[in-house]
Structure formats: C-alpha cells, structure tokens
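Read off the chains here:
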Amino acid sequence: MIRVIALRRMSIVIFVLLTLTHFGLAQNAEARAADSRAPKMSYLLVGRLFDATGDNIRENVVITIEGERIKNVASAGEVKIPSGANVIDLSQATVLPGLIDCHTHLGARADRYNELYNFKDTPFDHAFAGVINARKTLEAGFTSVRDVGSDPFLAVDLRNSINEGYLIGPRIVASGPAISITGGHGDLNNFSPQTRVMMFPEERDFSIADSVDQIRHIVRAQEKYGVDVIKILATGGVLSKGDSPGAAQYTFEELKAAADTAHMGGRKIAAHAHGTEGIKNAIRAGVDSIEHASLIDDEGIRLAKEHGTYLVMDIYNDDYILNEAPKYGLPTEKLDKERMVGRLQRENFRKALQAGVKMAFGTDAGVYPHGDNARQFFYMVKFGMTPAQAIHAATSNAADLIGRSKDVGTIEPGKYADIIAVNADPLSDVRALEHVDFVMKSGVIYKDARAPGSGSTRN
Ligand SMILES: [Zn+2]
C-alpha cells in the first residue's frame, strides 16, 4: 500500500513537471510570437501630440520607436525616415500616452449584483472574467491599471500571464484581496453564521485582519505571493452589507502598521475610505492614496495636501450604480448607501481639486462594465478640471502614484511605447477619449480602428 502511494506520488510529481515544462515552452513561444509582432524600428507620424510632460500640444511630430521603447520624439522636419521603414500614419489624429486607471477590479463583472453570486461564483468565474476584461480595458486605451482587490491572487496571475505574452491586457500593478476588519467592507456579512465561503480558511483568505499583528502578517503574506501594492479598507463601503460607508473600520495604529509594513516591503498602499475620520486616519498613517474619499472634509483636504497623498475619486460610477445596477439585482440597502455618498463625492472632488490636492484617475471598473473607463473624464471636467488636468490625472500623475514614472505616463525617449490616438480633439472635448482608435503597448499595435488606408508602410 505504501509503495503504491509512493509510486502514485512520484507519477504526480512527474506529471506536474511535464505539465510545467509543457506550459513553460508554450508560453515562451507565445512570448516570442508577441515579440516578433513588434518591429525593430517604427516611425509614428503624429498630427497633434499631447505628450503629458506639460499642457501643450505639439504639431507634426515623429515618434521613433525601437523595440518596446520610445527612442526619439522630434519635429517632422528633423527626422530622416529611411526608405522601407515601418511608418504608422497618425497625422490626422491626436496622440497621447496610454491611459492609466488606478482603481480597477478586473475579476469583477458589473452584472453580478444579486447576492446569490456570493455563493454561486467560483474563483474560476472571476479569472475568466479577468481575461476578457483585461483585453477590453487595453482596447479602450488603458495600457496600465492598478488592480486593487480580487480573489487571492488573481491579479498577480493575470499580470504574469500578460507579461509573458500569453494573454492580452494592460500592464497590471496587482494587489491581493483588500484587507478588511471582521464584519467590514471586505467580509461577507449578515448571512447565517453557518455560511462560509472561503478558499484559504487558515489565512482568512488573506483578507480579514483584526489587529496590528494580524495586519502585519497579512501584508507580509500578500507580498510573499507577489503583490505589487497593498489595498486596505479604512472605512465601510457602499457595495457591502451591514456596514456604513461613513464609519471608520481600522484604528490609526492598525492603518499605520499596514502602511509601515507595506513600505518596508517596498510596496505602496491604497486605502479605501469614504468616511471623514477614516480618511484622516489613513492619511496620517502614511498611505499613498485614498480611494473614493467621498466624505472628505476641509481638514482631510489639508492633510492630503500636507502629506502629498493622492486622491483617487471614482466619480463616474454613481450613474451606473443608481441607473443600471438595480436591473442586475442590487439590493435596496446598497442603493440607499450610494444615494448617501455619490453626489457628495462629486462636490468634494471639486473642493479637493480647488485646494490643489494631488489627483489620480481611478474608476472602480468592475462596478460598471470594463472598457467604459474613459467615461469618467467627462465628470472630472464637469466638476472642475480642465481636459488637460483630467488627462494628466490618467497619465503622468497616475504613473507617479503607481510608482512607474520611469516607464509609463508620458511620451518621452526611454519610456515604453504605450501610445494611443483619437480622431477628435480631447482638449476641446474630453469625451473624445471614449473612442480610442489606436492602441499600442510596448511598441505592439493592439487596436487600429482608423479608416482603412490611413496606415502605411513606406517603401
Ligand atoms: Zn474598488
């Protein structure tokens, strides 16, 4: 009997090894295929360029791309394009850096508001959704996202598969599950105590932590499994049962332990916070961004400015939650909570902006359908930003918040060739960004919906 088990074990080991080797080869081949799609040198003829290094538009520019990075950005007259070169003609378009959404949930679907899905959905359902949503997000012009809350460790795996070239999607700065108190925004509340949905009970799904020590452990455990960023829930939320968005859900000491441990591990930390006290606790604790910030007051705004904390205010999705989510079974309790905070959040966005607080673009994609991310630009402008400010929030500022300014966020030599183009002028109507015609990531074109014949290879 023992020998049978031993043999069986060995064959499992061999099977696993073979499978790993097989997938390894397949993925390398995919990665090579993706690489060969990227021409060695390409020349983008740009009609109008907003490179996000400032507020200006430059006209008639050539962007030279070598492999996956930008080599040169210069006036058309200064660049000699060799004959036979790969030329992409965007002379009729406005070209911008790839957009960045700092608050997505790629594994979430916006048609799953019925509470039954808490028990019907499997981690695989979320992973399948993630594959589809990653592609939609990239095709909408978002070449990078910070994904802040999913099953353990969906965003990490999705990030890795995209980086290997096995799946198509944006660059992902991945968090693990959002860290929550027992009974908080990240817990499953108000069902029978006999009910439990957990994948890793011994780790409380790398999500539930109730003390300084438990928080330190969960942050370290998440880092062990490869997260880039920590997400903690400092107050109650809208789309959870039995808690109040305005109520603080961690003490200052607990938030400080989270921020210090994250920073010690070289990670940034994002704090979900709607409520006034929770926002201030999190800023004082040293988090890098406040997500939502719905009920921020004057003191919170002053603190955010003083500490250089980014606000990531998701001011589009209120429309979707109020108008569409009820059709998909959103319970009345959650609808009422959105009515409490949604409109106030928009007014407080205006206040924080006027005070000069740092703002980065984040939408809570997954609450509304992925791919509609750019709809938020309209609201950012409606509530006080210039179109250029709104674009900076989703490019240069977002890159700064996610710690990737060296690689993305502007169109400059040395950065990844993450480039989008739109037909209309986003500086006069920011809604132009809702229709991105051309998407390039790392020098590879993933979408080209311009009129046929508008692109060419110069021979
Ligand atoms: Zn969220």
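The rules behind each value
Residues numbered from 1 in each chain as written. Predicted model: local features only at pLDDT ≥ 70, side-chain atom pairs only at ≥ 80, totals over all residues. Heavy atoms only, no water. Buried < 20%, exposed > 50% of the residue type's maximum accessible area, 1.4 Å probe, protein only. Helix = DSSP H or I, 4+ residues; strand = E, 2+ residues; numbered from the N terminus. Pairing = 2+ DSSP bridges. Contact = heavy atoms within 4.5 Å. Core = buried A, V, L, I, M, F, W, Y, C linked by side-chain atoms within 4.5 Å. Axes fitted to C-alpha atoms, helices over the stretch in contact; angles between N-to-C directions. Parallel < 35°, antiparallel > 145°, perpendicular 65-115°, else oblique. Left-handed = near helix turned anticlockwise from the far one by under 90°. Nonpolar A, V, L, I, M, F, W, Y, C, P; charged D, E, K, R; others polar.

Trainee: Sorry, what's going on with the pairing of strand β12 (residues 419-422) here?
Mentor: Side-chain direction in a regular strand flips from residue to residue, so the side chains alternate between the two faces of the sheet. Here β12 shows two buried faces, one formed by I419 and A421 and the other by I420 and V422. Summarising the sheet, strand β4 (residues 86-97) and β12 pair through 4 bridges and their orientation is antiparallel. In the strand pairing of β12, V95 is matched with A421. Two strands pair when backbone bridges link them, and β12 and strand β13 (residues 438-441) are joined in this way by 3 bridges, in the antiparallel orientation. Residue pairing across strands places I420 opposite V439, the latter belonging to β13.

Trainee: Quick question: what am I supposed to make of the environment of A257 here?
Mentor: Mapped onto the secondary structure, A257 falls in helix α6 (residues 252-264). The sequence separation of A257 and S211 amounts to 46 residues, and the corresponding C-alpha distance is 9.2 Å. Leave out the neighbours within four places in its chain, and A257 touches V212, I215 and R216.

Trainee: Explanation requested: the nonpolar core in the structure shown.
Mentor: Formed by 86 residues in total, the largest nonpolar core has its most connected members in I290, L311, F349, F377 and L433. Broken down by element, the residue count for this core peaks at 5 residues, all from helix α4 (residues 154-163). Filtering out sequence-adjacent residues up to four positions away, F377 remains in contact with L99, F142, F361, A390, I391, A394, V430 and L433. In terms of nonpolar packing, the next biggest core, distinct from the first, is built from 18 residues, L44, L49, I88 and A417 among them.

Trainee: Would you explain the packing of helix α3 (residues 123-139) against α4 in this entry?
Mentor: Relative orientation and spacing of two packed helices are given, respectively, by the angle between their axes and the distance between those axes. For the pair α3 and α4, the least separation of the axes is 11 Å and the interaxial angle reads 45°. Considering their axes alone, α3 and α4 lie oblique with respect to each other. In this structure, α3 crosses over α4, and the sense of that crossing is right-handed. In this structure, α3 uses H126, A127, G130, V131 and A134 to contact α4, whose residues at the interface are L154, L158 and I162. Its residues assigned to classes, the contact of α3 with α4 shows 6 nonpolar, 2 polar and no charged.

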